[in-house]
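Structure at a glance
Each chain, letter by letter, is given below.
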Amino acid sequence: MTNTCLTFRDLTLGYGSHPAIHHLDGTIRKGSLTAVVGANGSGKSTLMKGIVGVLKPMAGEVIRAPGVRAAYLPQQSELDRSFPARVVDLVSLGLWPRRGLLGRYTKEDRDDVSKALMAVGLGGFEKRPIDTLSGGQLQRTLFARVLLQDADLILLDEPFNAVDAKTVGDLIALIKHWHGEERTIMVVVHDLDLVRQNFPETLLLARQPIAWGETRETLKPDNLLRARRFHEAWEENAPWCEPGEDAHGDDHHGHDHHDHRHGVGPRAA
Amino acid sequence: MDMLYGLVIAPFADFGFMQRALIGSLMLSLGACPIGVFLMLRRMSLSGDAMAHAILPGAAAGFLFYGLEILPMTIGGLIAGVIVALGAGAVSRFTIQREDASMAAFYLISLAIGVLMVSIRGSSVDLMHVLFGTVLALNDEALTLIGGIVAVTLVSLAIFWRALVAECLDPLFLRSVSRLGSPVHFIFLGLVVLNLVGGFQALGTLLSVGLMMLPAAAARFWTARVEPMCVLAVLIGFASCVAGLLLSYHASLPSGPAIILSAGVVYFASILFGTRGILRARIIHHRHRTA
């Protein structure tokens, strides 16, 4: 399939022996714009980390189509705001895929940085120290960095947190612009109205996918109800998920268990 | 004019040991001060101190087997330092324990072993020598070693600069675009050890941390960008070395502490008068703009 960007094959991701994403199967189409929704602890951020590769799967795998480059905006950035850097230094990190460790930044690169800042409404902020930015300005700065990464696959984890309404509008416009450029985008969002208005496709998660497909279908009341019944807490003594035994209740996507090896999964691409 | 010459130039012009001390300490500043800036920015300022203790058993082992020879002591210190740096770094990277705790555990064990080894044969004079060094007795071997260490440090910094800045500024981002995160962390720890080992012949294990951290801490009060901060730290290091050696010469003080205390004076001056220091921030009232 040439128009597949991501393939999840029996993917289990988690912490310790407890899965946060349990046996996920399915594909993300190239050029699709997907909202990832679900309650706290339903595995949304975990899925993002698994796709980027900063979290290794416990079982199964994420297969990226060859040549696909990902850009990732995490929910909890490990950004050190006290580091003596200017906005331009932070955004220029986005040139890494293009220039790597040693490549010189050219005049063109610097122009692209300015353009990216302009695109998120921060034109002229180049020389501002990052510790003087407001929360929303910082978020837009990080969007500018994603813009500069020029990635085919863009993963945004709750990008609208602590961002005012006008900025949300600006950022949504930017996401739609990317969508128009045939980039593949996955966004973790909490605001269901925002999802209904702006995202063609939705993945509703509750450790396993409750529903996945067209937004209007996915966000039907009975699906939402099922997602809400999801039990967030780990049970320390939860039974082991063994081959041939169905330890999880309502699994939307069927999967087989014969290749089920917790903890020895191959690394994500 | 003559008096100025007598005070500042003559000691270095007339005495070979002063020239060597000057060259050695200036070279040390060139490598150690930028490393100190990154240690500070990574909130690992005290790790430098811990590492300095950690190299003691290696240096002591070299001293026990070969006497007061620079090469065995340096190599020994390097090995001990690398073991502690990699061990502590690995524990913090791959377990839930933070680097401060793992570093503390590793260096305390290492220090205890070192003191034990020195006490088995040496007298306390020997221990003092290892701990406090002798900048006024640098031989050609020591100068060559320091020169090599500075060259390695500057070349490594030039190559890995972008990754090092990214690893400090936004480690998760670096992990998402590159696999260099962990290697760069360990290369950096290696450079810390290398510079501490380079400094301990001249300044001793304890004071070599001073030349690394004090200029960096002082430079923080003057600028909000990394590159100028490194340059400024090196310049402060240079000034401290010259001032410390002159102080030591004229007042017959031990040279190591004199250099470090000179850097200390710059540090306190920077706290008070730096562009980001106390006086600017608290006492002088700025006029403010409308937007």
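All figures in this text were calculated on a predicted structure; none of them were measured in a lab.

Let's talk about the overall build of chain B
Across its full length, chain B carries 13 helices and zero strands. Helices (α) and strands (β) of chain B occur, in sequence order from the N terminus, as α-α-α-α-α-α-α-α-α-α-α-α-α. Against the globule reference of 19 Å for 291 residues, chain B gives a C-alpha radius of gyration of 20 Å, in line with a compact fold. Based on the C-alpha atoms only, the size of chain B along its principal axes is roughly 65 × 60 × 30 Å. Residues classed as buried in chain B amount to 47% of the 291 residues present. When contacts within chain B are restricted to residue pairs at least 6 apart in sequence, long-range pairs at least 24 apart make up 72% of them.

A few points about the overall build of chain A
Along chain A, the regular secondary structure elements total nine helices and nine strands. Counting only residues that meet the buried cut, chain A has 41% of its 269 residues in that class. Restricting to contacts in chain A with at least 6 residues of sequence separation, those with at least 24 account for 71%.

Focus: the nonpolar core
Side chains that are nonpolar tend, in soluble globular proteins, to be buried together. Formed by 157 residues in total, the largest nonpolar core has its most connected members in Leu155 of chain A together with Met51, Ile55, Val192, Val193 and Ala233 of chain B. Of the domains in this structure, domain 1 (1-68 + 152-269) and domain 2 (77-150) of chain A are the two that each give at least three residues to this core. If near-sequence neighbours (up to four positions away) are discounted, Leu155 of chain A is found in contact with Met48, Ile51, Val52, Ala70, Tyr72, Leu73 and Met186 of chain A.

Description of the interface of chain A and chain B
Interfaces are frequently sized by the accessible area removed from exposure as the parts join. Facing 19 residues of chain A, the contacting portion of chain B comprises 20 residues. By residue class, the composition of the side of chain A that touches chain B is 15 nonpolar, one polar and three charged.

Notes on the domain arrangement of chain A
Residue and element names in this part refer to chain A. One can read the domain layout of chain A as domain 1 (1-68 + 152-269) and domain 2 (77-150). If you look at the interface, domain 1 gives nine residues, while domain 2 gives nine residues. In the side of domain 1 that touches domain 2, the residues fall into six nonpolar, one polar and two charged.

Remarks on the pairing of strand E9 (residues 208-214) of chain A
Residue and element names in this part refer to chain A. In terms of residue burial, E9 counts as a mostly covered element, since five of its seven residues are buried. Sheet topology places strand E8 (residues 201-206) next to E9; six bridges connect them, and they run antiparallel. Looking at the pairing, Leu204 lines up with Ala211 of E9.

Things to note about the sheet that holds strand E4 (residues 59-64) of chain A
All names here are of chain A. Read from one edge of the open sheet, three strands run E2-E1-E4, paired in antiparallel fashion. Among the strands making up the open sheet, the edge pair consists of strand E2 (18-29) and E4. In this sheet, neighbouring strand axes are inclined to one another by 15° on average, regardless of whether the strands run parallel or antiparallel. Sitting on the sheet, helix H1 (residues 44-52) touches strand E1 (4-15), E2 and E4, and the angle it makes with E1 is about 120°.

Thoughts on the confidence of the model for chain A
When pLDDT drops low, the exact placement of atoms in the prediction is not to be read closely. Mean pLDDT over chain A: 80, with 86% of residues reaching 70 or higher. Across residues 245-269 of chain A, where pLDDT falls below 50, the model places 46 contacts with residues more than four positions away in sequence or in other chains.

Criteria and cut-off values
Residues numbered from 1 in each chain as written. Chains lettered and ligands numbered in written order. Predicted model: local features only at pLDDT ≥ 70, side-chain atom pairs only at ≥ 80, totals over all residues. Helix = DSSP H or I, 4+ residues; strand = E, 2+ residues; numbered from the N terminus. Rg over C-alpha atoms; globule rule 2.2 N^0.38 Å. Buried ≥ 20, exposed ≤ 12 C-beta atoms within 10 Å, placed from the backbone. Contact = placed C-beta atoms within 7 Å. Core = buried A, V, L, I, M, F, W, Y, C linked by C-beta atoms within 7 Å. Domains from an automatic or database assignment. Nonpolar A, V, L, I, M, F, W, Y, C, P; charged D, E, K, R; others polar. Pairing = 2+ DSSP bridges. Axes fitted to C-alpha atoms, helices over the stretch in contact; angles between N-to-C directions. pLDDT = per-residue confidence, 0-100.

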